[in-house]
2 protein chains.
Amino acid sequence: MAAKRKTKPARMPRPKSPSQAELDPKIGALVQQIIARVADRWTMLILEALEEHGTVRFKELGRLVVGISQKMLTQTLRQMECDGLVKRTVHPVIPPHVDYALTKLGRGLGEAFCGVWKWAEKHYAEIERARAAFELARKRAPGNG
Amino acid sequence: MAAKRKTKPARMPRPKSPSQAELDPKIGALVQQIIARVADRWTMLILEALEEHGTVRFKELGRLVVGISQKMLTQTLRQMECDGLVKRTVHPVIPPHVDYALTKLGRGLGEAFCGVWKWAEKHYAEIERARAAFELARKRAPGNG
DNA sequence: CGGGATCCTTAAGGATACTG
DNA sequence: CAGTATCCTTAAGGATCCCG
């Protein structure tokens, strides 16, 4: 993962709908994990690269996902493989040939995030305006930065 | 979000639908920002606390969001305020009285993430199974840690 | 070629002390 | 009470080397 630090586990938000409220808090934890995972710098990029190109070899993937180091590529792919988002296939030849592809689950996750994407697209301008307004207010205000 | 580090900006994934493809990559960057933000350890928790309790004072919010330090509370709230997700209200009295509430935008964001939540809920078991299988395979495999 | 092991830098985030 | 400023710890992630 990439984004921030996770030092402690921390309590998870409870689900919103009544039906979910009955279920384990494990789901909440899982959601947080998933979100955290997707929020790292690379998972989304890799997901997208695989969506666009189908089955891709390790090094090729490294070229597709522009700034990534091989360490993070390996690490993120392992993570995704572990969660069942990608399928790793080793061809026992020399030199080694390993390729990766999204699983159904992986594609599903991509689709699930489309909602957030849509929301962001729709409210894009609002957020930019809010930021501009915030900046302006900050400059006006005394005793700050 | 609580998750990892963001060192460089990094190129953003392109949108999926054709209509979006025409628009600025700024939207992609914004989406990534939003996701990254929501994935930190606190934004979601604060969002949820405010959803449940409406208008809440700073210290009360600190109690609601269990493990948070006042530094991160301030910082995350500022962030959210900047993005237009929360409204900060200062009552000029002594001792100071400041309270926070979600904006329409903030509530909308919460709703947008419901899709991911639903997905996670639905595929919860699959992921757990994938992880278990992965662990098992790892133990079986030679030459690994 | 794929990727594990190691070292190193950097910054996220907690703790604490101070202020209006 | 609601912050701000500072210090310190920890770990995320890049770079590099090495191996099958």
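A few points on the structure.

Right, let's talk about the overall build of chain A for a bit. A count of helical and extended segments in chain A gives 7 helices and 3 strands. Secondary structure elements of chain A, listed N to C terminal, follow the sequence α-α-α-β-α-α-β-β-α-α. Out of the 145 residues in chain A, the part that is buried amounts to 46%. The contacts in chain A between residues at least 6 apart in sequence include a share of 47% that link residues at least 24 apart. Accessible surface, chain A as shown: approximately 8,000 Å² in total, 57% of it carbon and sulfur.

Let's shift gears to the packing of aromatic side chains. This structure, assessed with the given rule, holds 1 aromatic pair over all chains. A centroid spacing of 6.2 Å and a plane angle of 85 degrees characterise the contact between Phe113 of chain A and Phe113 of chain B, whose relative ring orientation is edge-to-face. One end of the pair, Phe113 of chain A, is in the loop between α6 (104-112) and α7 (114-140); the other, Phe113 of chain B, is in the loop between α6 (104-112) and α7 (114-140), on a second chain. Taking the relative accessible area as the measure of exposure, Phe113 of chain B reaches 5% and is therefore buried.

Residue and element names in this part refer to chain B. Read from one edge to the other, the open sheet built from 3 strands follows the order β1-β3-β2, with strand pairing classed as antiparallel. Pairing within the sheet leaves two strands with one partner each, and these edge strands are β1 (56-57) and β2 (86-91). In this structure, β2 lies alongside strand β3 (residues 97-102), joined through 6 bridges in antiparallel fashion. Among the inter-strand pairings, His91 is bridged to a residue of β3, identified as His97.

Tracing the backbone shows Ala130 of chain A in helix α7. The residues touching Ala130 of chain A, leaving out its near neighbours within four places in the chain, are Cys82, Asp83 and Gly84 of chain B.

A few words on helix α5 (residues 70-82) of chain A. Side chains three or four residues apart in an α-helix point the same way, a direct result of the helix having 3.6 residues per turn. Compared with the 18 Å implied by 1.5 Å per residue over 13 residues, the 18 Å span of α5 of chain A between its first and last C-alpha is a close match. Within α5 of chain A, burial applies to Met72, Leu73, Thr76, Leu77, Met80, Glu81 and Cys82 of chain A. Taken together, the buried residues of α5 of chain A touch α3 (43-53), α4 (58-64), β2 (86-91) and β3 (97-102) of chain A together with α7 of chain B. Two residues or fewer after α5 of chain A comes Gly84 of chain A, characterised by a positive phi angle close to 80 degrees.

With that settled, consider the sheet that holds β3 of chain A. All names here are of chain A. Taken in spatial order, the 3 strands of this open sheet run β1-β3-β2, and their pairing is antiparallel. At either end of the open sheet lies a strand with only one pairing partner, and these are β1 (56-57) and β2. Here β1 runs beside β3; their pairing, made up of 2 bridges, is antiparallel. Within the sheet, the bridge partner assigned to Arg57 lies in β3 and is Asp99. Here α5 sits on the sheet and contacts β2 and β3; the angle it forms with β2, its principal contact strand, is near 115 degrees.

Residues and elements named next belong to chain A. Scanning all chains against the criterion turns up 8 salt bridges over all chains. Residues Asp83 and Arg37 are paired through a salt bridge, measuring 2.3 Å at the closest nitrogen-oxygen approach. With Asp83 in the loop between α5 and β2 and Arg37 in helix α2 (residues 25-39), the pair connects residues that are 46 residues apart, well separated along the chain. Comparing Asp83 with Arg37 shows no difference in burial state: the two are buried.

Turning our attention to unusual backbone geometry. Residue Pro95 of chain A is reached from Ile94 of chain A by a cis peptide bond, and omega for that bond is 0 degrees. Along the chain, Pro95 of chain A falls in the loop between β2 and β3.

Now for α2 of chain A. Residue and element names in this part refer to chain A. Spanning 15 residues, α2 covers 21 Å between terminal C-alpha atoms, matching the ideal 21 Å at 1.5 Å per step. Judged by how many residues are buried, α2 sits mostly within the fold: 11 of 15 residues are covered. Three or more residues of α2 are buried, namely Ile27, Gly28, Leu30, Val31, Gln32, Ile34, Ile35, Ala36, Arg37, Val38 and Ala39.

Membership of the largest hydrophobic core comes to 73 residues, with the highest contact counts inside it found for Ile46, Leu61 and Trp119 of chain A together with Ile35, Ile46, Leu61 and Phe113 of chain B. Of the residues forming this core, the biggest block, 7 residues, is contributed by α2 of chain A. Leave out the neighbours within four places in its chain, and Ile46 of chain A touches Leu61, Val65, Ile68, Leu73, Thr76, Leu77 and Met80 of chain A.

Put simply, α2 of chain A and helix α2 (residues 25-38) of chain B touch, their axes get as near as 8 Å, and they point 140 degrees apart. Viewed along their axes, α2 of chain A and α2 of chain B adopt a mutual orientation that is oblique. For the crossing formed where α2 of chain A meets α2 of chain B, the hand is left-handed. In this structure, α2 of chain A uses Ile35, Val38 and Ala39 of chain A to contact α2 of chain B, whose residues at the interface are Gln32, Ile35, Ala36 and Val38 of chain B.

Calculation criteria
Residues numbered from 1 in each chain as written. Chains lettered and ligands numbered in written order. Predicted model: local features only at pLDDT ≥ 70, side-chain atom pairs only at ≥ 80, totals over all residues. Heavy atoms only, no water. Helix = DSSP H or I, 4+ residues; strand = E, 2+ residues; numbered from the N terminus. Buried < 20%, exposed > 50% of the residue type's maximum accessible area, 1.4 Å probe, protein only. Contact = heavy atoms within 4.5 Å. Areas by Shrake-Rupley, 256 points an atom, 1.4 Å probe, with all protein chains shown as cover. Phe/Tyr/Trp six-rings, centres within 6.5 Å; stacked < 30°, edge-to-face > 60°. Pairing = 2+ DSSP bridges. Expected span 1.5 Å × (residues − 1). Axes fitted to C-alpha atoms, helices over the stretch in contact; angles between N-to-C directions. Salt bridge = Lys/Arg side-chain N within 4 Å of Asp/Glu carboxyl O. Core = buried A, V, L, I, M, F, W, Y, C linked by side-chain atoms within 4.5 Å. Parallel < 35°, antiparallel > 145°, perpendicular 65-115°, else oblique. Left-handed = near helix turned anticlockwise from the far one by under 90°.

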